[in-house]
Amino acid sequence: MDIKEIISTIQSLAPERYAASWDNSGTQVAGTLKNVERLAVCLDPLPGQLAEAVEWGAGLVVAHHPLYLKPTPPVSEGPYLAALRTLLPAGAWLYSAHTSLDSRPDGPACWLGQELGLEDRKVLESGQRFGALSVSFFIEQELGDDMADLLSNLDGVFGVSQDVTGEVRVLCYESAWALLRSVLDPFLAGLSKSRTEYFTTALQAPSENVGFGESGLLPEPMEYEAFAAHLQKLLGCGHWVEVGPRPKLVRRVAYLPGSGASALAAVQASGADVFVTGDVKYHQALDAAAMGLHVIDAGHFVIEEEMMRRFASELGAALPGVEVRFLSAADPFSARFF
């Protein structure tokens, strides 16, 4: 399958406009392969994972975590340079679906809430709100099926139509307007010697509100020990660290995959009895305890590894003709009990 088509499909499932401003979701390494038959998915673009992917014949690796957050010169020995040495000779691509995937409503990052059967689910930590636009312009020719399909498949476009007067109307999210115009401008310039005028109107709906993590109600309240046993089974972890007083009953649960200790205020506002996340530091733990929150730090790895396993299945269904394989890893942390 054409690599551009594959990346477009990934972007539709993890829209880059959802990514946080500090993030580097998107293409990490541009390969030379034009067509890809095998795609590997992993949590981290570690040299061992990338080597396994290339040895298997993957032309594209989709990782959750970026290879880098800021441009880095490949001059020092380490995982970054090792990754380039593995990918570039094979012509393979590397793509990161990071916060673009984390914040997708009801996406793979929400798997724990889905498995817990949470009801009244709400975004825990608000991120971005995307308003919508109606973009209109007039052309004498028919838009044509190929151009209509191209516009319809752009990330953030959700409607394309043309009436008998020649007016073309495209409905899109505000964040997609720059991308849409980059496609329309050269197309319209080829149709007419005069400059085409765009007429834009802000729409009240639909709008997208995206963020990180969720809170929701269990179908029925559970005693804490029963809830903990159920959660441990879902996570499949052998240990976790707890902060704060244990509630007698668990009604509302909040969770945030990866590092979620910055969301303590949002957890308190949600009224959650339990917060499941990772990477809680000492002073954050003190804050959580002082706030009366019960936090389960299951680690950064456990929730996100399962998230990417499910994303691999989603990609496999969305990319017929491409063989998709999930490359599992091991949690770098272990516990020793005395």
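Anyway, here's the lowdown on the structure attached to this text. (Residues numbered from 1 in each chain as written. Predicted model: local features only at pLDDT ≥ 70, side-chain atom pairs only at ≥ 80, totals over all residues. Heavy atoms only, no water.)

**Regarding the sheet that holds strand S4 (residues 93-96)**
Either a parallel or an antiparallel arrangement is found when strands of a sheet pair, and the pairing is made through backbone hydrogen bonds. The strand order S1-S4-S3-S2-S13 describes an open sheet built from five strands, whose pairing is mixed. On the outer flanks of this sheet lie strand S1 (26-29) and strand S13 (323-326), each paired with one strand and no other. Strand-to-strand twist across the sheet, computed as the mean angle between neighbouring axes with direction ignored, equals 25°. With three bridges joining them, S1 and S4 adopt antiparallel strand pairing. (Pairing = 2+ DSSP bridges. Helix = DSSP H or I, 4+ residues; strand = E, 2+ residues; numbered from the N terminus. Axes fitted to C-alpha atoms, helices over the stretch in contact; angles between N-to-C directions.)

**Observations regarding the pairing of strand S7 (residues 167-173)**
Bridge analysis of strand S5 (residues 119-138) against S7 gives seven bridges, and the strand direction is antiparallel. Bridge pairing in S7 links Val 135 to Val 170. Note: strand S6 (residues 157-162) against S7, five bridges, orientation antiparallel. Bridge pairing in S7 places Val 157 opposite Cys 172. Between S6 and S7, which pair antiparallel one after the other, the connecting turn spans four residues, and Gly 166 there sits at a positive phi close to 95°.

**Examining the pattern of salt bridges**
Pairs may arise between side chains of opposite charge once their charged atoms sit close together. Tallied over the full model, the rule gives 14 salt bridges. Across the pair Asp 185 and Arg 181 runs a salt bridge whose closest N-O atoms are separated by 3.3 Å. Note that Asp 185 and Arg 181 are positioned in helix H7 (residues 177-191) at a spacing of four residues, about one turn of the helix. A residue is classified by how much of its surface remains accessible, and Asp 185, at 33% relative accessible area, is partly exposed. Relative accessible area serves as the criterion here: at 29%, Arg 181 is assigned to the partly exposed category. Salt bridges here are not isolated pairs; linked through shared partners, they connect Glu 115, Glu 306, Arg 309 and Arg 310. (Salt bridge = Lys/Arg side-chain N within 4 Å of Asp/Glu carboxyl O. Buried < 20%, exposed > 50% of the residue type's maximum accessible area, 1.4 Å probe, protein only.)

Note that all results are geometric; they support no functional claim without further evidence.
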